[in-house]
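What follows is each chain in one-letter form.
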Amino acid sequence: MKLIKTTAELIDALVAVRGTIALVPTMGALHDGHLSLISAAHADSDSDNDVVIASIFVNPLQFAQLGNCDDYRNYPRDVDADAQLLESAGVDFVFAPEVAEMYPLRTPEVWVSTGEMGSQLEGASRPGHFDGVATVVTKLFNLIRPHRAYFGQKDAQQLAIIRRMVHDLNLRVDIRAVPISRGADGLAESSRNQHLSASDRRKALALPTTLTALRDRRIDLDQARDQLRNCPGVDMDYLEVVSPDTLQPITWPPTAPALALGAITVGGTRLIDNMDI
Ligand code: AMP
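Residues numbered from 1 in each chain as written. Predicted model: local features only at pLDDT ≥ 70, side-chain atom pairs only at ≥ 80, totals over all residues. Heavy atoms only, no water.

Re unusual backbone geometry
Right, on to step 1. Between tryptophan 252 and proline 253 the backbone carries a cis peptide bond, its omega angle lying at 0 degrees.
Right, on to step 2. Locating proline 253 in the fold gives a position in the loop between β7 (234–242) and β8 (259–266).
Right, on to step 3. Although it is not a glycine, arginine 217 adopts a positive phi angle of roughly 60 degrees.
Right, on to step 4. Mapped onto the fold, arginine 217 is located in the loop between α11 (206–215) and α12 (221–229).
Right, on to step 5. For arginine 217, a relative accessible area of 43% corresponds to the partly exposed category. (Helix = DSSP H or I, 4+ residues; strand = E, 2+ residues; numbered from the N terminus. Buried < 20%, exposed > 50% of the residue type's maximum accessible area, 1.4 Å probe, protein only.)

Details of the packing of aromatic side chains
Right, on to step 1. Following the criterion strictly, the structure yields 3 aromatic pairs and no others.
Right, on to step 2. Ring geometry for phenylalanine 63 against tyrosine 72: centres 5.3 Å apart, planes inclined by 65 degrees, an arrangement best described as edge-to-face. Exposure class is identical for phenylalanine 63 and tyrosine 72. Each is buried.
Right, on to step 3. A centroid spacing of 5.9 Å and a plane angle of 75 degrees characterise the contact between phenylalanine 63 and tyrosine 75, whose relative ring orientation is edge-to-face. Residue phenylalanine 63 is located in the loop between β3 (51–56) and α3 (70–73), and its partner tyrosine 75 is located in the loop between α3 and α4 (79–88); the two are separated by 12 residues in the primary sequence. With respect to burial, phenylalanine 63 and tyrosine 75 carry one shared label: buried.
Right, on to step 4. Ring-pair connections join several aromatic residues into one group, and the members of that group are Phe63, Tyr72 and Tyr75.
Right, on to step 5. Directly above the ring of tyrosine 72 sits arginine 77, whose terminal nitrogen or CZ lies 4.7 Å from the centroid.
Right, on to step 6. Between the NZ or CZ atom of arginine 126 and the centre of the ring of phenylalanine 63, over which it lies, the distance is 5.9 Å. (Phe/Tyr/Trp six-rings, centres within 6.5 Å; stacked < 30°, edge-to-face > 60°. Lys NZ or Arg CZ within 6 Å of the ring centre and 35° of its normal.)

Some points on the site of the ligand
Right, on to step 1. Near the ligand lie 17 residues; those nearest to it are His34, Gly152, Asp155, Ser181 and Glu189.
Right, on to step 2. In the environment of the ligand, an oxygen atom lies 2.9 Å from a nitrogen or oxygen atom belonging to the backbone of methionine 27.
Right, on to step 3. Relative to its unbound accessible area of 480 Å², the ligand is 93% covered by the protein chains.
Right, on to step 4. A total of 3 residues in the shell around the ligand trace back to one element, the largest contributor, which is helix α2 (residues 32–43).
Right, on to step 5. Among the residues making up the shell around the ligand, the classes are represented as 7 nonpolar, 7 polar and 3 charged. (Near = heavy atom within 4 Å. Polar contact = N/O pair within 3.5 Å; in protein donor to acceptor, adjacent residues only side chain to side chain. Areas by Shrake-Rupley, 256 points an atom, 1.4 Å probe, with all protein chains shown as cover. Nonpolar A, V, L, I, M, F, W, Y, C, P; charged D, E, K, R; others polar.)

Notes on the sheet that holds β3
Right, on to step 1. What the 6 strands build is an open sheet, ordered β1-β4-β3-β2-β5-β6; its pairing is parallel. Each end of this open sheet is capped by a strand with a single partner; those strands are β1 (2–4) and β6 (174–178). Here the strands of the sheet are splayed against their neighbours by 25 degrees on average, with no regard to which way each runs.
Right, on to step 2. Judged from the 5 bridges that link them, strand β5 (residues 148–152) and β6 form a sheet pairing that is parallel. When the bridges of β6 are listed, glycine 152 appears paired with valine 178.
Right, on to step 3. Of the strands in this sheet, β5 and β6 are in contact with helix α9 (residues 156–168), which crosses β6 at around 165 degrees. (Pairing = 2+ DSSP bridges. Axes fitted to C-alpha atoms, helices over the stretch in contact; angles between N-to-C directions. Contact = heavy atoms within 4.5 Å.)

A few points about the UniProt feature "binding site: beta-alanine" (unreviewed entry) in the chain
Right, on to step 1. As recorded in UniProt, the sites labelled "binding site: beta-alanine" (unreviewed entry) are Gln62.
Right, on to step 2. You can see glutamine 62 is positioned in the loop between β3 and α3.
Right, on to step 3. In this structure glutamine 62 comes out as buried when scored by relative accessible area, which is 8%.
Right, on to step 4. In contact with glutamine 62, not counting residues within four places along its chain, are Met27, Arg126, His129, Gly132, Val133 and Val136. (UniProt positions renumbered as here; feature names shortened; annotations may be inferred.)

Here is the structure:
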């Protein structure tokens, strides 16, 4: 495996590559969820990826105040440990640039705008977040020119926006979705889980538990919201049922495939999760 830090090195390395390139974009602090994306890139049954590239970049554009905030500063980072994990997972190249390498002229003037899809749900609490995601993903696509890119269903809103971006901007990349990887207790794997104490983690299980009850129709959407709101130590941001493609709200009960998404804060850590309904 080769660890690449600059765009010049990246372009040099890719000139020699023949065949199909798979990209797995991440912000590092890798866990089993990320590794499931790498496995999917290696094991895709209807495609054959010759080269698997993972990127590690904590993108300031997708954090509040363009990264000038505690959430960005405190985001867990350990590129060496991540590179070792990626090497064991059989990744060919890791692209882990510094911020100045990705944004040499500092904050870009030209961004990808994600409109209404990006301003609701997560976007309502994190204005500009998805414009930052779409902008950096476009830059990675342009630098790496992958044939396929792998994204987790854990970030269902992000996945829907990336798919729509590829469609709206005619980007020539095939987007593949990978199911959510969960711990044995049912909590979705997340880099932010390392901020949770054991007791916070137990409280956080309210989110997957409520989503499961909703999915199994044991409760309706109002009851699900009440259940989550009333959990001690859990601060509910939203719980919504939407169309998986457009993210438009769907009235309960859904009559077509729908997506239930929720966000909570536990012990100062914001967590998201979702389930197909
Ligand atoms: P992040 O490093 O949090 O930006 O995540 C990088 C990629 O890994 C995104 O496509 C995420 O959706 C995906 N991912 C993160 N956590 C999980 C998980 N628990 N299961 C599946 N994919 C995940």
